[in-house]
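Here is what each chain is made of, one letter per residue.
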Amino acid sequence: QETVMSRTGVDRVLKYAFDLAQTRPRKKLTSATKSNGISITMPYWDERVAEMAKQYGDVEVDKFHIDILTAHFVRNPDWFDVVVGSNLFGDILSDLCAGLIGGLGLAPGANIGDECAMFEAVHGSAPDIAGQGIANPTSVILAAALMLDHIDQPERATQIREAVRAAIAEGDRTTPDLGGEGSTSSFTEAVISRLQ
């Protein structure tokens, strides 16, 4: 199989990650790599990370190979803040994180480009449960919070996140994947009621 990593593409992703790290209190960025096993693209990735880091002297940068990084995500999540990786490694890490917090039904996703952005549930569609009213809507609701962050509405994004946290913590009409007996619409109503 082949992977194409252009300087333009890699640098665009890295610049976004470094810019984000620079806005965070910890100013820390971790690069996910596998340069000890993927012999062409990953050493190139590492070179681009090192080159980009020169422009961000205030950002602490470290790197981990993807296999040990997954273990550290489980055992030492406090080590990390902004993590950047290829699409493949990002998919692995996002699914791992979703599993750690209760499943894919809780994880929002954002696809942010230069010209536009799209926000969605990371799990995509769920045709096996379509029409049953049991899909967990949390990931889509939290994707709306990511959108609000993106359009510089952080207070509203925080309100949504707090409403979701409260509804889940109180077990208010949660969906079966979270051990509840609620439905997609009943949990959505529980969240909305906390926003009003």
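Residues numbered from 1 in each chain as written. Predicted model: local features only at pLDDT ≥ 70, side-chain atom pairs only at ≥ 80, totals over all residues. Heavy atoms only, no water.

A. Expanded view of the nonpolar core. Counting 22 residues, the largest nonpolar core has Leu14, Phe18, Leu29, Trp45 and Leu69 as the members making the most contacts within it. Broken down by secondary-structure element, the contributors of at least two residues to this core are helix H1 (7–23), strand E1 (28–33), helix H2 (41–53), helix H3 (66–75), strand E3 (82–84) and helix H4 (87–101). In terms of residue count, the dominant contributor to this core is H1 (five residues). Excluding residues within four positions of it along the chain, Leu14 makes contact with Trp45, Arg48, Val49, Met52 and Val84. Ala145, Ala157, Ala190 and Val191 belong to the second largest nonpolar core, which has twelve residues in total. (Core = buried A, V, L, I, M, F, W, Y, C linked by side-chain atoms within 4.5 Å. Buried < 20%, exposed > 50% of the residue type's maximum accessible area, 1.4 Å probe, protein only. Helix = DSSP H or I, 4+ residues; strand = E, 2+ residues; numbered from the N terminus. Contact = heavy atoms within 4.5 Å.)

B. Quick peek at the environment of Met52. With respect to the secondary-structure elements, Met52 resides in helix H2. In contact with Met52, other than residues within four places in its own chain, are Asp11, Leu14, Lys15 and Phe18.

C. Just the side chain of Ser139, in detail. Tracing the backbone shows Ser139 in helix H5 (residues 138–150). The class of Ser139 is buried, set by a relative accessible area of 0%. Here the side chain of Ser139 touches His123 through a polar contact of 3.2 Å, side chain to side chain. Once residues within four sequence positions are removed from consideration, Ser139 is found in contact with Leu104, Gly105, Leu106, Ala107, Pro108, Glu120, Ala121 and His123. (Polar contact = N/O pair within 3.5 Å; in protein donor to acceptor, adjacent residues only side chain to side chain.)

D. Highlighting the pairing of strand E4 (residues 108–112). Of the pairings in the sheet, the one linking E4 to strand E5 (residues 117–121) comprises five bridges and is antiparallel in character. Pairing of Pro108 across the sheet is with Ala121, part of E5. Here E4 folds back onto E5 in antiparallel fashion, the turn holding four residues. (Pairing = 2+ DSSP bridges.)

E. Seen up close, the sheet that holds E1. Reading across the sheet, the three strands line up as E2-E1-E3 and stay open at both edges, with parallel pairing between neighbours. Because the sheet does not close on itself, it has two edges, and the strands there are strand E2 (60–65) and E3. For this sheet, the mean inter-axis angle between neighbouring strands, taken without regard to orientation, is 25°. Strands in contact with H3 are E1, E2 and E3; relative to E2, the strand with the most contacts, it is inclined by about 110°. (Axes fitted to C-alpha atoms, helices over the stretch in contact; angles between N-to-C directions.)

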